[in-house]
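# Geometric and topological summary
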Amino acid sequence: MNDRQREYFRAKLLAWKEEILRESKLTLQTLQEENVNHPDLADRASSETDRAIELRARDRQRKLISKIDAALLRIEDNSYGYCEETGEPISLKRLEARPIATLSVEAQERHEKREKVYRDE
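Residues numbered from 1 in each chain as written. Predicted model: local features only at pLDDT ≥ 70, side-chain atom pairs only at ≥ 80, totals over all residues. Heavy atoms only, no water.

### A closer look at the overall build of the chain
- When its secondary structure is counted, the chain shows four helices and zero strands.
- Going from N to C terminus, the chain has its helices and strands arranged as α-α-α-α.
- What you see for the chain is a C-alpha radius of gyration of 20 Å, clearly larger than the 14 Å of a compact globule of 121 residues, by over 25%.
- Along the first, second and third principal axes, the C-alpha set of the chain runs to 60 × 45 × 20 Å.
- Out of the 121 residues in the chain, the part that is buried amounts to 24%.
- The long-range share in the chain, meaning contacts at least 24 apart out of those at least 6 apart in sequence, stands at 61%.
- For the chain, the exposed surface amounts to about 9100 Å²; the carbon and sulfur share of it is 51%. (Helix = DSSP H or I, 4+ residues; strand = E, 2+ residues; numbered from the N terminus. Rg over C-alpha atoms; globule rule 2.2 N^0.38 Å. Buried < 20%, exposed > 50% of the residue type's maximum accessible area, 1.4 Å probe, protein only. Contact = heavy atoms within 4.5 Å. Areas by Shrake-Rupley, 256 points an atom, 1.4 Å probe, with all protein chains shown as cover.)

So this is what it looks like as C-alpha cells:
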C-alpha cells in the first residue's frame, strides 16, 4: 500500500470516528431531554424499548471506535492493509467496504467456517 492510499484510509477512518462521536453526542442529548414519564403504560413501555435499542446501538458503536483506533495505529506502524493471519495484502475493495478489516476475504471465510463448525457442535 502506498502513502497516498494509507492517507486516504486514515482520513476515511477519522471521518467515520468523528461521525460516530457526533451521533453519540446527539443520542445523549436526546435521552436527557426525553426524560418524560408517560402516564400510559404502553407509551412508557414503547419509550423504554426505544431507549434500550438506542443504547445497544451506541454500545456497538463504542466498540467500533476501538476497532477504528486500532486500524489507525496499524496505519502508523505500516501494518494496515495486511492480513493478520497470512501476512498477505488485503484487497483495496475489501478495505473500502470494511476499512477496519484485519483479515483477507479468504482468511475471514476460513475463520467464519471454523466458527460455524464449533457453533454447530
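After presenting the structure, the write-up continues.
### Some words on a negative patch on the surface
- There is a patch of like negative charges on the surface, built from Glu88, Glu106, Glu109 and Glu112.
- Of note, Glu112 is situated in helix 4 (residues 105–120). (Patch = residues over 30% accessible without salt bridge, like charges linked within 9 Å, V, L, I, M, F, W, Y side chains within 5 Å. Salt bridge = Lys/Arg side-chain N within 4 Å of Asp/Glu carboxyl O. Lys, Arg positive; Asp, Glu negative; His and termini not counted. Charge placed at Lys NZ, Arg CZ, Asp CG, Glu CD.)

### Things to note about the packing of aromatic side chains
- This structure, assessed with the given rule, holds two aromatic pairs.
- Centre to centre, the rings of Tyr8 and Phe9 are 5.1 Å apart; their planes meet at 80°, and the pair counts as edge-to-face.
- Classification of Tyr8 by relative accessible area gives partly exposed; the value is 42%.
- With a centroid separation of 5.7 Å and an interplanar angle of 50°, the aromatic rings of Phe9 and Tyr80 are classed as tilted. Of this pair, Phe9 sits in helix 1 (residues 3–33) while Tyr80 sits in the loop between helix 2 (41–76) and helix 3 (92–97), and the two are 71 residues apart along the sequence. Per residue, the accessibility class of Phe9 equals that of Tyr80, and both read buried.
- Here the aromatic residues Tyr8, Phe9 and Tyr80 are joined through ring pairs into a cluster of three or more. (Phe/Tyr/Trp six-rings, centres within 6.5 Å; stacked < 30°, edge-to-face > 60°.)

### What about the UniProt feature "zinc finger region: dksA C4-type" (unreviewed entry) in the chain?
- According to UniProt, the "zinc finger region: dksA C4-type" (unreviewed entry) feature falls on residues 83–107.
- End-to-end, the C-alpha atoms of residues 83–107 are 8 Å apart, and along that stretch the chain is 36% helix and 0% strand. (UniProt positions renumbered as here; feature names shortened; annotations may be inferred.)

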